[in-house]
Amino acid sequence: PFFAPSTPRKLVKVSTPGGTSRLIKKESSKTKENKSTVAGATSNLVNAIIGAGIVGIPFAIKECGLVAGIILVVLCAILTEKSLRVLVDTAKHVDVPSYETLFESTYGSAGFYFISVNMLIMAYGGCLSYLTIIKDTLPILLGVERGDVGMERAILVVSTMAIILPISMQRDMADLAKTSKISVIFQCFMVLVVVIFSPVSETLEENGGLLAIASESLIETSTIFIGLGVLSFAFVCQHSAFIVAGSLEKPTKERWGMATSRALSLCLVLEAACGIAGYLAFLEKTQGDVLNNFLVLGGSITKAANLARGLLCTTMFFVYPVDSFVCRHVLVVLFFRGRRAHEGDDASVLNRRDRRIAMTLIIYFSSLIPALFVESVGSVLALTGTIAGSSLSYIGPGMIYLAVYGDEFLKKVEEVWGKFDGSTDTAPAETDVESSRLLTTQQPNETTTTTESTATEQSFFKSVAWYLLLMPIWCEVAKMGKTKLKEFKEKEALKSPHINRLGKVARPSLQMVPANIPRVGSADGGKMPKFPTPKYGATAGGNKAIGAAILAQQRSASVRAASPAPADLDEPP
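Rules and cut-offs
Residues numbered from 1 in each chain as written. Predicted model: local features only at pLDDT ≥ 70, side-chain atom pairs only at ≥ 80, totals over all residues. Heavy atoms only, no water. Helix = DSSP H or I, 4+ residues; strand = E, 2+ residues; numbered from the N terminus. Buried < 20%, exposed > 50% of the residue type's maximum accessible area, 1.4 Å probe, protein only. Contact = heavy atoms within 4.5 Å. Areas by Shrake-Rupley, 256 points an atom, 1.4 Å probe, with all protein chains shown as cover. Polar contact = N/O pair within 3.5 Å; in protein donor to acceptor, adjacent residues only side chain to side chain. Axes fitted to C-alpha atoms, helices over the stretch in contact; angles between N-to-C directions. Parallel < 35°, antiparallel > 145°, perpendicular 65-115°, else oblique. Nonpolar A, V, L, I, M, F, W, Y, C, P; charged D, E, K, R; others polar. Salt bridge = Lys/Arg side-chain N within 4 Å of Asp/Glu carboxyl O. Phe/Tyr/Trp six-rings, centres within 6.5 Å; stacked < 30°, edge-to-face > 60°. Lys NZ or Arg CZ within 6 Å of the ring centre and 35° of its normal. Patch = residues over 30% accessible without salt bridge, like charges linked within 9 Å, V, L, I, M, F, W, Y side chains within 5 Å. Left-handed = near helix turned anticlockwise from the far one by under 90°. Expected span 1.5 Å × (residues − 1). Bend = angle between axes of the 7 residues up to and from the residue. pLDDT = per-residue confidence, 0-100.

Engineer: Tell me about the overall build of the chain, and name the residues and values.
Structural biologist: Helix and strand content of the chain: 22 helices and two strands. Looking at the chain residue by residue over its 573 residues, the buried ones come to 44%. When contacts within the chain are restricted to residue pairs at least 6 apart in sequence, long-range pairs at least 24 apart make up 81% of them. When the accessible surface of the chain is summed, it comes to about 30,100 Å², and 63% of that surface belongs to carbon and sulfur atoms.

Engineer: Break down the side chain of His239 for me, citing the residues and quoting the values.
Structural biologist: Relative to the assigned elements, His239 resides in the loop between helix 9 (224-234) and helix 10 (241-247). One polar contact links His239 to Asp323, side chain to side chain, over a distance of 3.0 Å. If we skip the residues at most four places from it in the chain, His239 touches Met119, Met122, Ala123, Asp323, Val326 and Leu392.

Engineer: Please give an account of the packing of helix 4 (residues 99-141) against helix 21 (residues 471-493) that cites residues and values.
Structural biologist: Running from amino to carboxyl end, helix 4 crosses helix 21 at an angle of 95 degrees, the nearest separation of the two axes being 7 Å. Relative to helix 21, the element helix 4 is oriented roughly perpendicular. Residues Ser105, Thr106, Tyr107 and Gly108 of helix 4 form the contact with helix 21, whose own contacting residues are Val477, Met480, Gly481, Lys484, Leu485 and Phe488. The residue makeup of the contact of helix 4 with helix 21, split by class, is five nonpolar, four polar and one charged.

Engineer: Break down the pattern of salt bridges for me, with residues and values.
Structural biologist: Following the criterion strictly, the structure yields nine salt bridges and no others. Residue Asp354 is joined to Arg352 by a salt bridge in which the shortest nitrogen-to-oxygen separation is 2.6 Å. Residue Asp354 is classed as partly exposed on the basis of its relative accessible area, which comes to 39%. You can call Arg352 partly exposed: its relative accessible area is 32%.

Engineer: Got a sec to walk through the packing of aromatic side chains? Specific residues and values, please.
Structural biologist: We describe a pair of aromatic rings using the distance from one ring centre to the other and the angle between the two ring planes. The full count for this structure, using the stated rule, is nine aromatic pairs. Where Phe282 meets Phe294, the ring centres are 5.3 Å apart and the plane angle is 80 degrees; that geometry is what we call edge-to-face. Residue Phe282 is located in helix 11 (residues 253-282), and its partner Phe294 is located in helix 12 (residues 291-294); the two are separated by twelve residues in the primary sequence. The pair formed by Phe282 and Phe294 is uniform in burial state, with each residue classed as buried. Every member of this aromatic cluster is reached through a ring pair, and the members are Tyr99, Phe103, Tyr107, Phe114 and Phe242. Above the ring of Phe325, the side-chain terminus of Arg328 is found at 4.3 Å from the ring centroid.

Engineer: Run through a nonpolar patch on the surface, naming residues and quoting values.
Structural biologist: Among the surface-exposed residues, Ile185, Phe189, Leu192, Val195, Ile196 and Phe197 lie close enough to one another that they form a single nonpolar patch of about 540 Å² accessible area. Relative to the elements of secondary structure, Phe197 occurs in helix 6 (residues 177-197).

Engineer: Please give an account of the packing of helix 5 (residues 149-168) against helix 16 (residues 353-371) that cites residues and values.
Structural biologist: Helix packing geometry: the angle between the two helix axes and the distance between the axes. Interaxial distance between helix 5 and helix 16 falls to 11 Å at its minimum, and their mutual angle equals 150 degrees. Taken together, helix 5 and helix 16 sit at an angle that is classed as roughly antiparallel. Crossing geometry of helix 5 relative to helix 16 is assigned as right-handed. Seen from helix 5, the contacting residues are Leu156, Val157, Thr160, Met161, Leu165 and Ser168; seen from helix 16, they are Thr360, Leu361, Tyr364, Leu368 and Ala371. Of the residues assigned to the contact of helix 5 with helix 16, the class counts are eight nonpolar, three polar and no charged.

Engineer: Just give me the short version of helix 1 (residues 38-50), but keep the residues and values in it.
Structural biologist: Look at helix 1: 18 Å from first C-alpha to last across 13 residues, which is about the 18 Å you get at 1.5 Å a residue. Across the 13 residues of helix 1, twelve count as buried, placing the element largely inside the fold. Those residues of helix 1 that sit buried are Val38, Gly40, Ala41, Thr42, Ser43, Asn44, Leu45, Val46, Asn47, Ala48, Ile49 and Ile50. Buried-residue contacts for helix 1 involve helix 3 (66-94), helix 6, helix 9, helix 10, helix 11 and helix 13 (299-335). Looking one or two places after helix 1, you find Gly51, whose phi comes out positive at around 55 degrees.

Engineer: Can you lay out helix 13 for me, pointing to particular residues and giving the numbers?
Structural biologist: Taking 1.5 Å as the rise per residue, helix 13 with 37 residues should run 54 Å; its terminal C-alpha atoms sit 54 Å apart, in good agreement. Of all bends in helix 13, the biggest is about 30 degrees, found at Phe317, and the proline Pro321 comes one to four residues later.

Engineer: Go over unusual backbone geometry, please, and point to the residues and values.
Structural biologist: Of note in this structure, Lys250 is not a glycine but carries a positive phi near 50 degrees. Take Lys250: it is sitting in the loop between helix 10 and helix 11. Residues other than glycine seldom take positive phi values, yet Leu283 does so here, at roughly 50 degrees.

Engineer: Break down the environment of Ala77 for me, citing the residues and quoting the values.
Structural biologist: Position of Ala77 among the secondary structure elements: in helix 3. Spatially, the C-alpha atoms of Ala77 and Ser261 are 9.6 Å apart, while their sequence positions differ by 184 residues. Setting aside its immediate chain neighbours within four residues, Ala77 contacts Phe235, Leu264 and Leu268.

Engineer: How would you sum up the confidence of the model for the chain? Please name residues and give values.
Structural biologist: The predicted model of the chain averages 79 in pLDDT, with 76% of residues at 70 or higher. Long-range and interchain partners of residues 422-443, a stretch whose pLDDT sits below 50, account for ten contacts in this model, where long-range means more than four residues apart. Contacts of residues 505-542 to residues separated by more than four positions or lying in other chains number 42 contacts, the stretch itself having pLDDT below 50.

Engineer: Explain the environment of Ile243 residue by residue, including any values.
Structural biologist: Position of Ile243 among the secondary structure elements: in helix 10. Once the C-alpha coordinates of Ile243 and Ala41 are considered, the two residues, 202 residues apart in sequence, prove to be 9.8 Å apart. With sequence-adjacent residues up to four places away left out, Ile243 is seen in contact with Met173, Phe325, Val326, His329 and Arg501.

Engineer: Can you explain the environment of Leu210? Please cite residues and give values.
Structural biologist: Structurally, Leu210 is set in helix 8 (residues 210-216). Considered as a pair, Leu210 and Val200 are ten residues apart in the sequence and their alpha carbons are 9.9 Å apart. For Leu210, the residues in contact, after removing those within four places along its chain, are Leu66, Leu204 and Leu280.

Dropping the structure here:
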């Protein structure tokens, strides 16, 4: 069935020790997902981050102020890199392979659909905006007069069907590594053109130098949040993070950290260089698309602007497939049945050519038809960035981290506030009889009164801080996440273990037999040989019976841990 994928298998003839042979079903090697190197994953990540947002960085710096804008560019890059690491590390901690299942583990099916819909909105908005940019840019480069709507639409349809559609038909994210590397090279050249041909020196001479401009443009308090929104959208890539991480060969924390640090470092350099050069060249005249500022200068600068436009347009052909893959991934987890489809194993579903072609064509035409009529890409980016970008980049990672590590959070809260109702217990603690004999005589009444008043002031400020910091909400989120995560792990323990797409080794909870137990009749001195260390990606086999046994042992271990340990009679008090 189309929506009920099964793992393709083939019959393989194997020989038994007795000399007989039999046929067994073995998974075909063609169904395995192609993997990429760290360089390939880095290129895909850079391609997912930069996109069309880089030409709006100078405008963002204008809205924030030169000094504040540069600081926010650096801060957005650091926070994005940190969130990418936290998301994947948290998924490995919970042992889930995707953003959707990570939300499902802590917020149930509501969290699963919440994050899936936001991923679809963000990726679909990206596809629509990239096609709109191609429609606005490519006809101008080919000499088509402005206003010739029919020719613009025809060029968009023909060019995208010839280039974008074949690239998007590929199955795995690792297959996009080569085109992503080409896109990164073009993006570097585009930024180089902007930096070289921007009239920065003339602007600095007319306005008294760099220090004078910086002193007048420290921070723009009235429009800083507009610039921050543009910068935030320019660094959004969390919707494709798990797909890129899963496509990495041996996706350990170290290798994923290498990919994120390299990608964000390159993005920071490119976007900061484009933003600073573009703003210093045009100052308050900087437009939302900085390349439009070059058109009024004429001469060789206009030719350089057209070259930069050509490079930007070319990168759109290579950026579109990345977001198309994300849309396809969301459709797989939402509409296809089976455990692999639910966990985002796209290769097992899209291995069938008819599924892959049908879903790719649906995404392509659903984004192409609106792009033929959309006039401004700004409205598309604003809508998708406001709704989905904030949910995926800021709300999502924070809620996930708080829910997964809710137990540790509640312990920290209890250390500071005591009970979870904002009140503090100021009653004196019970003292041990033996230790009370060492106490000095009772302090004077004035000192006692001062101590009580200080404790009352501290209790008041803690209570105020409790509600100002919205601690009741965060504590409820942590409690809910703690409960949901426990239920999720109990359900997962009853399932047969299998290879996680993110590469985490499934560790069996039942302890293996120690290596030094004597074995009767052994020729190696009565010692049992050590078990070989499983290779990367190996998992423990099992079924529901084994899962139930593991779950029972975990519950008994938790009960033993909760019960107080007996006192050691030989140890002095």
